[in-house]
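Chains, contacts and geometry: an overview
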Amino acid sequence: MSRKKERRRSAGDSKRRRSQLPASLEQVNLNAAGIDIGATEHWVAVPEDRDSQPVRKFGAFTADLYSLAEHLLACGIDTVVMESTGVYWIPLMEVLEERGFEVKLVDPHRLRQVPGRKSDVLDCQWLQQLHTFGLLGGAFRPDDQICVLRSYLRQRAMLVSYAGQHIQHMQKAMTQMNIKLQHVVSDITGATGMRIIRAILEGEQDPKRLAQMRDGRCKNSEATIAKALEGHWREEHLFELRQAVELFDIYHQKVGECDQKIETYLEGFEDQSGGQTPPKKAKEKQTRTGLGFDARSHLFRMTGVDLTAIEGIQAHTALKVIGEIGLDMTRWPNSKHFASWLGLCPGSKITGGKQLSSRSKASANRAASALRFAANGLHNSHSSLGAFLRRKKGQIGRPEAITATAHKLARIIYSMLRYGTEYAAKSQDYYETEYRKRVLKNLKRNAKRLGFSLLPLDRGSLQTEEVT
């Protein structure tokens, strides 16, 4: 045999050995099944000794899902693992959980990182084999009560997003008529803007009469607004504007219905406040996309703590975070694990003792996005969190500073929900004082390590030296 053929054979044997799991691995889940999810069919694999046909194909209709569950019960299956493929897994998972199965949802990206995949094994068989040896970890999924709340909140966010698209359509239609309303009014969906737009749709085209509908709080004068409302009126553009406004109104009507549904559902949560009421707080500024009910009192009753006491966290933001992470913080061992799961921790790409990158991992976590949004609103805050954001912004830049501040917010929320601690607000002066103490402590430690000592300078002598 030539050396070339011998090397090929050796490489093939090595590949076959790597593609087989070692026999010394302990089987953790003896009654495990794997399911390959699809849009029209599901492939199910059970242990070979449970059925004469260990791999079976089932349809995706509801009757097929119940047949699949009966098949797993007949095979003595206790735990099932499946990939999170689109949203096709949701009906099957709900059916299996109703039947008492322990269902694990696996991220396909992490599954691809597991070595040893053989080409002659179906996906469902590979899932079943890995799950038998306990090599797969399930993705996070809150309890069913939180999942329902999360569905309502995500539906509401989708409606708000669609309504925002029609604001752009309104701006486009007015721009085509050379109406510069968006340049003289801060928000065309505010009191002044919508009053003028609805009057235009009713047939009013006199700029001076339209400008008289200006709200007293508008920065621009009537003359400026009237000049901006001298348009080139065309029927097709007015038709576009009318449809955009009608769709905008419809979506906001649906948002209001969502708010009613969310408020009704929040009343069914268990009271964790002991019958107390949240501390008094200044009324939050109402926004166009804000909740149409008092979410703060519901949050306090659900959690027993006032999350809105944290600077930058409004009731809508807190409710969105709760809808994504739930109320059971024991799912994460500590706040560091929680921040890492959110994707708010610095990266740790280190090789040979050298750090290659500290970029946070890419994440589409909605709770992390909400915390970043809250952190972004602290640039002008006189709190310690605002001072921290501004200092980090000067050191590492704005995007990284927002992530670092969101990391702080996440750890504060974890502590409050896990241990029921109250948030103690600290001022900017307190933060600056503590930061100065830390800098001095580090300087003294470094000076002592180098054989020096730090002594404070007399302010009078220091001023004399500056004059000289």
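Coordinates for the structure precede this section.
One structure accompanies this document, and this report is about it. Just so you know, these numbers come straight off a predicted model, no measurement behind them.

1. A closer look at the nonpolar core
- Ranked by size, the top nonpolar core spans 45 residues in total, and within it Leu319 and Leu371 carry the most contacts.
- Only α6 (144-176), α11 (235-266), α12 (295-303), α13 (315-325), α14 (335-342), α15 (366-376), α16 (384-396) and α17 (398-419) provide two or more residues apiece to this core.
- For this core, the leading source of residues is α17, giving nine residues.
- In this structure Leu371 touches Ile313, Val321, Leu342, Leu344, Ala406, Leu409, Ala410 and Ile413, once residues within four positions along its chain are discounted.

2. Observations regarding the pattern of salt bridges
- For the coordinates displayed, the defined rule picks out 15 salt bridges.
- Of the charged contacts in the structure, one is a salt bridge between Asp51 and Arg56, with a shortest N-O distance of 3.1 Å.
- Residue class for Arg56 comes out partly exposed when judged on its relative accessible area of 28%.
- Arg99 serves as the salt-bridge partner of Glu70, at 2.6 Å between the closest nitrogen and oxygen. In this pair, Glu70 sits in helix α2 (residues 62-74) while Arg99 sits in the loop between α3 (89-98) and β5 (102-106), placing the two residues 29 residues apart along the sequence.
- Look at Glu70 and you get partly exposed, because its relative accessible area is 41%.
- What makes Arg99 partly exposed here is its relative accessible area of 32%.
- Residues participating in the shared-partner salt-bridge network are Arg195, Asp215 and Arg217.

3. Some words on the side chain of Ser335
- Relative to the elements of secondary structure, Ser335 occurs in helix α14.
- According to the relative accessible area criterion, Ser335 is buried, its value standing at 13%.
- At 3.3 Å, the side chain of Ser335 and the side chain of Arg411 are in polar contact.
- Sequence-distant contacts of Ser335, defined by excluding residues within four places in its chain, comprise Arg411 and Tyr414.

4. Points about a negative patch on the surface
- Taken together, the side chains of Glu94, Glu97, Glu98, Asp143, Asp144 and Asp328 present a region of like negative charge at the surface.
- Counting residues per element, the negative patch draws most heavily on α3, at three residues.
- Position of Glu94 relative to the elements: it lies in helix α3.
- For Glu94, a relative accessible area of 41% corresponds to the partly exposed category.

Conventions adopted
Residues numbered from 1 in each chain as written. Predicted model: local features only at pLDDT ≥ 70, side-chain atom pairs only at ≥ 80, totals over all residues. Heavy atoms only, no water. Core = buried A, V, L, I, M, F, W, Y, C linked by side-chain atoms within 4.5 Å. Buried < 20%, exposed > 50% of the residue type's maximum accessible area, 1.4 Å probe, protein only. Helix = DSSP H or I, 4+ residues; strand = E, 2+ residues; numbered from the N terminus. Contact = heavy atoms within 4.5 Å. Salt bridge = Lys/Arg side-chain N within 4 Å of Asp/Glu carboxyl O. Polar contact = N/O pair within 3.5 Å; in protein donor to acceptor, adjacent residues only side chain to side chain. Patch = residues over 30% accessible without salt bridge, like charges linked within 9 Å, V, L, I, M, F, W, Y side chains within 5 Å. Areas by Shrake-Rupley, 256 points an atom, 1.4 Å probe, with all protein chains shown as cover. Lys, Arg positive; Asp, Glu negative; His and termini not counted. Charge placed at Lys NZ, Arg CZ, Asp CG, Glu CD.

Such coordinate-based values are descriptive only and should not be taken to indicate function.
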